[in-house]
Amino acid sequence: MSGQFDFTVIATHVIWGKTVGERRREISHLANVFRDIQDMDPEENDVILLGDFNRPPDDDLAFGALKAIPKMIFLFAPPDKSMIGDTNLYDNIWFQKNFVQEYMNHKGIYRFDEIDFENDRETASKMISDHRPIWALFDLSGPDDD
């Protein structure tokens, strides 16, 4: 809980694996995980799924089951890039907009590789990560919406 906004966060790091198929299979199971967590308390539906999915959100073979959940949205879409050097969009935040109304439609990707490391990808990756931090802003001042 933060302010009046109570929520559950599911943080994930999808396997890299040897094939895209392995990643797609793991991602496709996340819809069941999301629903199972949400069903644990029928009065609390504010569930946020976030992390490194190792696939872009426009991969419908991977994300079809998540996208089929009513009112499900993801915050970052191509041409956004969450990997340093603008290589891929693997990191994201997913939730049902009807249950997470606290989202203030303000988000970003911190491009530390460009800002702090002057595009030195090798040093940025060694010192921090090959993933850029993603963030979203939520209003904590109002009443809980579910």
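Scroll up a little and you will see the structure.
Residues numbered from 1 in each chain as written. Predicted model: local features only at pLDDT ≥ 70, side-chain atom pairs only at ≥ 80, totals over all residues. Heavy atoms only, no water.

Participant: Just to check I follow, could you spell out helix α2 (residues 60–67) for this structure?
Facilitator: In an α-helix, one turn spans 3.6 residues; hence positions three or four apart end up facing the same way. For α2, the full list of buried residues reads Ala62, Phe63 and Leu66. Summarising the axial view, the buried residues of α2 lie within an arc of 55 degrees, below the 170-degree limit, and thus occupy one face. Elements in contact with the buried residues of α2: α1 (20–39), β2 (47–52), β3 (72–74) and β4 (91–96). (Buried < 20%, exposed > 50% of the residue type's maximum accessible area, 1.4 Å probe, protein only. Helix = DSSP H or I, 4+ residues; strand = E, 2+ residues; numbered from the N terminus. Arc of directions from axis to C-beta. Contact = heavy atoms within 4.5 Å.)

Participant: Help me understand the pattern of salt bridges, please; the structure alone is not making it clear to me.
Facilitator: Side chains that carry opposite charge are capable of pairing whenever their charged atoms lie near each other. Under the counting rule described, the total for this entry stands at nine salt bridges. Its salt-bridge partner being lysine 67, residue aspartate 60 comes within 2.6 Å of it at the nearest N-O pair. Judged by relative accessible area, aspartate 60 falls into the partly exposed class, the value being 49%. Put simply, aspartate 86 and arginine 111 hold a salt bridge, and the shortest N to O gap is 2.8 Å. You can see aspartate 86 sitting in the loop between β3 and β4 and its partner arginine 111 sitting in the loop between β5 (103–109) and α3 (112–115), a full 25 residues away along the chain. A relative accessible area of 26% means that arginine 111 is categorised as partly exposed. Members of the salt-bridge network, linked through shared partners, are Asp86, Arg111, Asp113, Glu114 and Arg132. (Salt bridge = Lys/Arg side-chain N within 4 Å of Asp/Glu carboxyl O.)

Participant: Would you explain a nonpolar patch on the surface in this entry?
Facilitator: Nonpolar side chains collect at one region of the surface, where Met104, Trp135 and Leu137 lie side by side and expose about 280 Å² of accessible area between them. Inspection of the secondary structure assignment puts tryptophan 135 in strand β6 (residues 134–138). (Patch = residues over 30% accessible without salt bridge, like charges linked within 9 Å, V, L, I, M, F, W, Y side chains within 5 Å. Areas by Shrake-Rupley, 256 points an atom, 1.4 Å probe, with all protein chains shown as cover.)

Participant: Can you help me understand the packing of aromatic side chains in this one?
Facilitator: Given two aromatic rings, their pairing is described by the distance between the two centres and the angle made by the two planes. Under the definition given, this model contains nine aromatic pairs. Pairwise contacts between aromatic rings join Phe53, Phe63, Phe74 and Trp94 into one cluster. Over the ring of tryptophan 16 we find arginine 23; its NZ or CZ atom is 3.8 Å from the centre of that ring. (Phe/Tyr/Trp six-rings, centres within 6.5 Å; stacked < 30°, edge-to-face > 60°. Lys NZ or Arg CZ within 6 Å of the ring centre and 35° of its normal.)

Participant: Help me understand unusual backbone geometry in this model?
Facilitator: In terms of backbone geometry, most residues other than glycine have negative phi values and most peptide bonds are trans. With an omega dihedral of 15 degrees, the bond running from proline 78 to proline 79 counts as a cis peptide bond. A positive phi angle is found at aspartate 86, which is not glycine, with a value near 55 degrees. Even without glycine at this site, glutamate 118 takes up a positive phi of about 45 degrees. Within the fold, glutamate 118 resides in the loop between α3 and α4 (121–127).

Participant: Just checking my understanding: could you explain the sheet that holds strand β1 (residues 8–13) for this structure?
Facilitator: Picture the strands of a sheet paired through backbone hydrogen bonds; they go either parallel or antiparallel. Read across the sheet, four strands follow the order β1-β2-β4-β3 without closing on themselves; strand pairing throughout is mixed. Edge positions in the sheet fall to β1 and β3, since each of these pairs with one other strand and no more. Along the sheet, successive strands turn relative to each other by an average axial angle of 20 degrees, direction set aside. In terms of strand pairing, β3 meets β4 through three bridges, oriented antiparallel. Along β4, the bridge assignment pairs methionine 72 with glutamine 96. The strands touched by α1 within the sheet are β1, β2, β3 and β4, with β1 carrying the most contacts at an inclination of about 160 degrees. (Pairing = 2+ DSSP bridges. Axes fitted to C-alpha atoms, helices over the stretch in contact; angles between N-to-C directions.)

Participant: Could you clarify how one ought to interpret the environment of isoleucine 93 in this entry?
Facilitator: Relative to the helices and strands, isoleucine 93 resides in strand β4. When its relative accessible area of 6% is taken as the criterion, isoleucine 93 is described as buried. Sequence-wise, isoleucine 93 and glutamate 122 are 29 residues apart; in three dimensions their C-alpha atoms are separated by 26 Å. Filtering out sequence-adjacent residues up to four positions away, isoleucine 93 remains in contact with Ile48, Leu49, Leu50, Ile73, Phe74, Leu75, Phe76, Ile134, Trp135 and Ala136.

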